[in-house]
Amino acid sequence: MLGHDIIVIGASAGGVDALPRLIGSLPADLPAAVLVVLHILPQGRDLLPEIIRKTASLSVSHARDGEKIRKGHVYLATPDHHLQVDGDLVRLVRGPRENFHRPSIDALFRTAAESYSSRVVGVVLTGNLDDGTAGLHAVKSLGGIAIVQDPKEAFAPAMPQSAMRNVKVNHCLPLAKIGPLLVRLAKSPVVLRSKKGTSPARKRSMRPKEMEIEFGLPTSFVCPECNGPLWETKPGRSLQFRCHVGHAYSPDSLLADHSDGLERSLWSTMRRFDERAGLLRRLGERKYHSETVGKNWGTKAKELEGQAQLIRKLLGSYKRD
């Protein structure tokens, strides 16, 4: 009988330390394939395979588009490409970013669950915000096993915490105990779950009319990346927002962007106040007269500088959620 032989792992901040430790604890004869997404920048050289190979007994490499999935091998996402599962093949896709990331943990987990259902084990490790939550829900809803790193020992606890809030995880463990559990699960027989009655895999890119038929009317929010309308899709207890292009956001990721946008707007407003005050002072020095602006240059400039200073104080005490 088949075991839980498709292991998908997601990590972000702190993952460069956690992933070699976890993968290094897995034996060379592990009867499972391991697919890994670490949030990485698209620029520069990705040294993760070299780092992991130093401690790994398994073979490790960057995934190659179209290669066949085989047991005893670790497939790592490449920069600026989603790592996805398509039947027994690995796919690298430059599709829309999800939660501002490409590669996205949700994209890997979701496609693995759609292809292998109850044979999948999803593992969410250390990281900020909430990428991986919707993907772990997909794993669990299709009969797979959901595991999170104990947030108390994670370098960045937000990702495991978000997963635990929104998914009924099977195990919450310190990193040292996750490896032995994966070995046991890979060798434990799986009762294959029929996909009958589950929602079919949805296209990630849909026309607006298709989105309205599937999810109803859009929300009043706009996509931070393409400025199109966002639909609320509700995968399980965790909300998710998607535009028709395919960009997707979990709540914490969308809130983080709104926080960034608010801060950018405040800095821009402060700069405009300073520029207008400077212009008024220069016009006053040259004795330029305009009925539109008014003649009391110094007073107006001082008022604007005071308003700019209030915004500076606000920015100094501004705390992101």
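Our subject is the structure that appears above.
Criteria and thresholds
Within every chain, residues take consecutive numbers counted from 1 along the sequence as written. This being a predicted model, a pLDDT of at least 70 is required before a residue's local features are given, and a value of 80 or more before pairs of side-chain atoms are given or counted; all residues contribute to the totals for chains, interfaces and linings. Think of the side-chain values as coming from all heavy atoms in the structure, minus any hydrogens and water. The helix and strand labels rest on DSSP assignments: H or I over at least four residues marks a helix, E over at least two residues marks a strand, and numbering proceeds from the N terminus. Only the stretch in contact is used when a helix axis is fitted, and all axes are lines through C-alpha atoms; the angle between N-to-C directions ranges over 0 to 180 degrees. Throughout, the term roughly parallel applies to angles under 35 degrees, roughly antiparallel to angles over 145, roughly perpendicular to angles from 65 to 115, and oblique to all others. The hand of a helix crossing depends on one turn: near helix anticlockwise from the far one by less than a right angle means left-handed, and clockwise means right-handed. The contact definition used throughout considers only heavy atoms, calling two residues in contact when any of these lie within 4.5 Å. Think of it as three bins: nonpolar holds Ala, Val, Leu, Ile, Met, Phe, Trp, Tyr, Cys and Pro, charged holds Asp, Glu, Lys and Arg, and polar takes everything else, Gly as well. Note on exposure labels: buried denotes an accessible area under 20% of the residue type's maximum, exposed denotes more than 50%, and partly exposed covers the range between, all computed with a 1.4 Å probe on protein chains only. One requirement defines pairing of two strands: DSSP has to find at least two bridges between them. Salt bridge, as applied in this entry: a Lys or Arg side-chain nitrogen positioned within 4 Å of an Asp or Glu carboxyl oxygen. Classification of ring pairs uses Phe, Tyr and Trp, with its six-membered ring standing for Trp, and accepts pairs whose centres are within 6.5 Å; under 30 degrees between planes counts as stacked, over 60 as edge-to-face, and the remaining range as tilted.

1. Quick word on the environment of glutamate 263
Along the chain, the position of glutamate 263 falls in helix 8 (residues 251-285). The spatial distance from the C-alpha of glutamate 263 to the C-alpha of leucine 314 is 10.0 Å, given a sequence separation of 51 residues.

2. Here we look at the packing of helix 1 (residues 15-24) against helix 6 (residues 175-187)
Where helix 1 contacts helix 6, the axes come no closer than 8 Å and their chain directions differ by 40 degrees. Of the possible angle classes, the one that applies to helix 1 and helix 6 is oblique. Where helix 1 crosses over helix 6, the two elements pack in a sense that is right-handed. Between helix 1 and helix 6, the contacting residues are Ala18, Arg21 and Leu22 on the first element and Leu175, Ile178, Gly179 and Leu182 on the second. Classifying every residue of the contact of helix 1 with helix 6 gives 5 nonpolar, 1 polar and 1 charged.

3. Examining the pairing of strand 8 (residues 145-149)
Of all 5 residues in strand 8, 5 are buried, a share of seventy percent or more. The two faces of strand 8 match: Ile145, Ile147 and Gln149 on one face and Ala146 and Val148 on the other face are all buried. When strand 7 (residues 120-124) meets strand 8, the two strands line up parallel, connected through 4 bridges. Counted as the bridge partner of valine 123 is isoleucine 147 from strand 8. Sheet topology note: the strand 8/strand 9 (residues 171-173) ladder contains 3 bridges and is parallel. Bridging from a neighbouring strand, glutamine 149 pairs with leucine 173 of strand 9.

4. Comments concerning the sheet that holds strand 10 (residues 231-232)
If you trace the 3 strands from one edge of the open sheet to the other, you get 10-11-12, paired in antiparallel fashion. Each edge of the open sheet carries a strand with a single partner, namely strand 10 and strand 12 (248-249). The pairing of strand 11 (residues 241-242) with strand 12 spans 2 bridges and is antiparallel. Opposite phenylalanine 241, over in strand 12, you have tyrosine 249 as the bridge partner.

5. Digging into the pattern of salt bridges
The tally for this structure, following the rule as stated, stands at 15 salt bridges. A salt bridge links aspartate 5 to arginine 119, with the shortest nitrogen-to-oxygen separation between them at 2.8 Å. Of this pair, aspartate 5 sits in the segment before strand 1 (6-11) while arginine 119 sits in the loop between helix 3 (105-116) and strand 7; the two residues are 114 residues apart in sequence, bridging distant segments of the chain. In terms of burial, aspartate 5 and arginine 119 fall into one category: buried. Salt-bridge contacts for glutamate 98 lead to arginine 110; the nearest nitrogen and oxygen are separated by 2.9 Å. Of this pair, glutamate 98 sits in the loop between strand 6 (89-93) and helix 3 while arginine 110 sits in helix 3, and the two are 12 residues apart along the sequence. By sharing partners, the salt bridges in this structure join Asp5, Lys71 and Arg119 into a single network.

6. Quick notes on the packing of aromatic side chains
In total, this model carries 2 aromatic pairs according to the counting rule given. Measuring from centroid to centroid gives 5.0 Å for phenylalanine 100 and tyrosine 249, while their planes differ by 50 degrees, and the two rings are tilted. In this pair, phenylalanine 100 sits in the loop between strand 6 and helix 3 while tyrosine 249 sits in strand 12, placing the two residues 149 residues apart along the sequence. Taking the centre distance of 6.0 Å and the plane angle of 85 degrees together, the rings of phenylalanine 221 and phenylalanine 241 count as edge-to-face. With phenylalanine 221 in the loop between helix 7 (208-215) and strand 10 and phenylalanine 241 in strand 11, the pair connects residues that are 20 residues apart, well separated along the chain. Accessibility expressed as a relative area gives 36% for phenylalanine 221, which makes it partly exposed. On the basis of relative accessibility, which here comes to 7%, the residue phenylalanine 241 falls in the buried class.

7. Quick word on the sheet that holds strand 2 (residues 33-38)
The 7 strands lie next to each other as 3-4-2-1-7-8-9, forming an open sheet whose pairing is parallel. Edge positions in the sheet fall to strand 3 (59-62) and strand 9, since each has one partner strand and no second. Geometrically, the sheet is characterised by an average inter-axis angle of 20 degrees between neighbouring strands, direction not taken into account. Relative to the sheet, helix 1 contacts strand 1, strand 2 and strand 4 (73-76), its axis offset from that of strand 2 by approximately 170 degrees.

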